[in-house]
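This is what each chain is made of:
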Amino acid sequence: MERPTSAPDDNQKNWTTQKERGNRLALRLIAWIALHLGRRVSRWVLVPVVAYFYLSSPLARRASEKYLSRIPGGDHGVLAVFRHLYTFAAVTLDRIYFLNGRLDLFEVKIEDKDNRALGMATRGVGMFLMGAHMGSFESVRSIAKQYPSLKMVLLMYEENARNIKQLLNAINPEAQQDIIALGQPSAMLQVRDQLKEGALVGVLADRSIEAAGNISVDFLGQPAAFPLGPFRLAAMLKHPVFHMVGIYQGGNRYTIHLEPVMDFAHTVPTEREEASRAALVRYVGLLELHCLQTPYNWFNFFDFWGDDGPSP
C-alpha cells in the first residue's frame, strides 16, 4: 500500500550524511591484497576489518539489528549482525575481482523467466534495470560481458557519479564505466539516446537525495519512503522496467534475477502517474521478497524506516 509523502523524510537524509569509511589509498591497498594474495586469503583479512567496523559503527550496527528484526523467524543478535556486515564486506571485496574482469573466479547464474529481459535486450530494446543497495551490482554488470552486444550504463546522482569514478580509478584505473550523472542539463537527453540505441540503463532506485518526489510504500511491515522519479522517467520515455538484483549465495556463487516490473511502451500521458506508482509498488514488493529470502544481502546500513529520527 502506498502513501503520498510531502514532508522531507529523515531516513532519506540519513544516508547522504554518512561519510564513506575509507579512502583511495586504502582501496588501492585492499585491491593489491585481493589481486596478489588471492580471494581466500583476502576473505580472512575481512574478519578483523569487520570486527573493527562492528565495534566502531554503532549506527550501522543498530540499523542492521533493526532491519534483521523485521525478517520473520530470523535472528538479529550479535552473530547475525556480524554476519550481515561480513556479507557486505565480502561482496564489496568481490567488486575488485568483477571490476578487474576475473569472472573465472565465480559461478554466476542468471534467472530470467522465459528469457524475457535478455531476449528483449538482444533484440535491441532499451530498458531500465531498477536495482537497489542489495547484493552485487557488479555481478549484474557481468551480463554485458556474457552478452558482448549489450551495453549497460549507470544513471546516478552527480556526487555518487564522482565517487564511483574515484572508486574505479582506485581499484582498476583501466576499468571504464559509462555513467550518466543526474544534475547535468543533458542527462535526460543522454538517457533517451542510450535507450534508443538499445542500452540497459541501471538505476539504484531505493534511495533519493530529495524527499519531494518520494511516496511511502509498505516494506517489511512498515511504510518506508521510496523515490518515484525513476519510474516517472521510464513512463515518460516509454521503455520497459525490470527489477534487477545480483544475490550473493555464499562461496563464489551469485544469482542474477531479472524480473518484469512494468512496460510503459503503450502508457498514455494521462495514465503515467498511476502507472508509475503501480510500478514502484511492484518494485518494492520484489525487493521485499528478496530480503525475506536472502536477508543478509541488504546493504542499507542506516535507519531506512526513520524510526529514530535524524542521525547525528
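What counts as what
Residues numbered from 1 in each chain as written. Predicted model: local features only at pLDDT ≥ 70, side-chain atom pairs only at ≥ 80, totals over all residues. Heavy atoms only, no water. Helix = DSSP H or I, 4+ residues; strand = E, 2+ residues; numbered from the N terminus. Buried < 20%, exposed > 50% of the residue type's maximum accessible area, 1.4 Å probe, protein only. Contact = heavy atoms within 4.5 Å. Areas by Shrake-Rupley, 256 points an atom, 1.4 Å probe, with all protein chains shown as cover. Core = buried A, V, L, I, M, F, W, Y, C linked by side-chain atoms within 4.5 Å. Axes fitted to C-alpha atoms, helices over the stretch in contact; angles between N-to-C directions. Parallel < 35°, antiparallel > 145°, perpendicular 65-115°, else oblique. Nonpolar A, V, L, I, M, F, W, Y, C, P; charged D, E, K, R; others polar. 1 Å grid on protein atoms, 1.4 Å probe; cavity = no way out; pocket = protein on both sides within 12 Å on 5 of 7 lines; lining within 4 Å. Points joined across faces, edges and corners; volume = space filled by probe spheres on them. Phe/Tyr/Trp six-rings, centres within 6.5 Å; stacked < 30°, edge-to-face > 60°. Lys NZ or Arg CZ within 6 Å of the ring centre and 35° of its normal. Pairing = 2+ DSSP bridges.

Undergrad: Would you take a moment to explain the overall build of the protein chain for this structure?
TA: A tally of helices and strands in the protein chain yields 11 helices and 10 strands. With 312 residues in all, the protein chain has 50% of them scored as buried. Taking the intrachain contacts of the protein chain between residues at least 6 apart in sequence as the baseline, contacts between residues at least 24 apart amount to 77%. For the protein chain, the accessible surface area stands at approximately 15,100 Å², while carbon and sulfur atoms represent 55% of it.

Undergrad: What is the right way to read the nonpolar core from this model?
TA: A general trend in soluble globular proteins is that nonpolar side chains are found buried together. Among the nonpolar cores identified, the biggest contains 68 residues, and Phe128, Phe219, Phe226, Phe231, Leu280 and Tyr283 are the most heavily contacted of them. Among the elements that take part in this core, helix H5 (residues 78–99) stands out by supplying 11 residues, more than any other. Apart from the residues within four sequence positions on either side, Phe231 is in contact with Met130, Ala205, Val241, Val261, Phe264, Ser276, Ala279, Leu280 and Tyr283. Formed by 19 residues, the second largest nonpolar core is a distinct cluster that contains Val140, Met152, Leu154 and Leu258.

Undergrad: Looking at this structure, how should I read the environment of Leu155?
TA: Residue placement: Leu155 occurs in strand S4 (residues 152–157). Sequence separation of Leu155 and Val191 is 36 residues, and the distance between their C-alpha atoms is 8.0 Å. Setting aside anything within four residues of it in sequence, one finds Leu155 in contact with Ile180, Leu182, Val191, Val201, Gly202, Val203 and Leu233.

Undergrad: It is not clear to me how the packing of helix H4 (residues 58–69) against H5 should be interpreted in this structure. Could you clarify?
TA: Two measures define how a pair of helices packs: the angle their axes make with one another and the distance between the axes. Two elements in contact, H4 and H5, have axes whose closest approach is 9 Å; the angle formed by their N-to-C orientations is 110°. The orientation of H4 relative to H5 falls into the category roughly perpendicular. Between H4 and H5, the contacting residues are Arg61, Ser64, Glu65, Tyr67 and Leu68 on the first element and Ala80, Val81 and His84 on the second. Partitioned by chemical class, the residues of the contact of H4 with H5 number four nonpolar, two polar and two charged.

Undergrad: Would you explain empty space enclosed by the protein in this entry?
TA: Empty space among the atoms becomes apparent when a probe as large as a water molecule is rolled across them. Applying the stated criterion across every chain yields a total of one cavity of 30 Å³ or more. Volume-wise, the largest cavity comes out at about 40 Å³. Lining the largest cavity are Ala63, Lys66, Tyr67, Trp298, Asn300, Phe302, Asp303, Phe304 and Trp305. Class assignment of the residues belonging to the lining of the largest cavity gives a composition of six nonpolar, one polar and two charged.

Undergrad: Just to check I follow, could you spell out the packing of aromatic side chains for this structure?
TA: How two aromatic rings sit relative to each other is given by the distance of their centres and the angle of their planes. In this structure the tally under the stated criterion is 18 aromatic pairs. Measuring from centroid to centroid gives 5.6 Å for Phe219 and Trp305, while their planes differ by 10°, and the two rings are stacked. Note that Phe219 is positioned in strand S7 (residues 214–219) and Trp305 in the segment after helix H11 (272–293), a separation of 86 residues in sequence. Assessed through its relative accessible area of 0%, Phe219 is described here as buried. Taken together, a centroid distance of 5.6 Å and an interplanar angle of 75° make the contact between Phe304 and Trp305 edge-to-face. A single burial state applies to Phe304 and to Trp305, both of which are buried. Joined through ring pairs, the aromatic side chains of Tyr67, Phe219, Phe226, Trp298, Phe302, Phe304 and Trp305 make up one cluster. Sitting over the ring of Tyr54, Arg61 keeps its end group 5.2 Å from the ring centre. Sitting over the ring of Trp305, Arg70 keeps its end group 4.1 Å from the ring centre.

Undergrad: What am I meant to see in the sheet that holds strand S3 (residues 127–131) here?
TA: Strand pairing in a sheet takes place through backbone hydrogen bonds and is either antiparallel or parallel in direction. A sheet is described by the order of its strands in space; here seven strands give the open sequence S2-S10-S9-S3-S6-S4-S5, paired in mixed fashion. Edge positions in the open sheet fall to strand S2 (107–111) and strand S5 (179–182), since each of these has one partner strand only. With direction set aside, neighbouring strand axes in the sheet form an average angle of 25°. Pairing between strand S9 (residues 240–248) and strand S10 (residues 253–263): nine bridges, direction antiparallel. Considered in S10, the bridge of Gly246 is made with Ile256.

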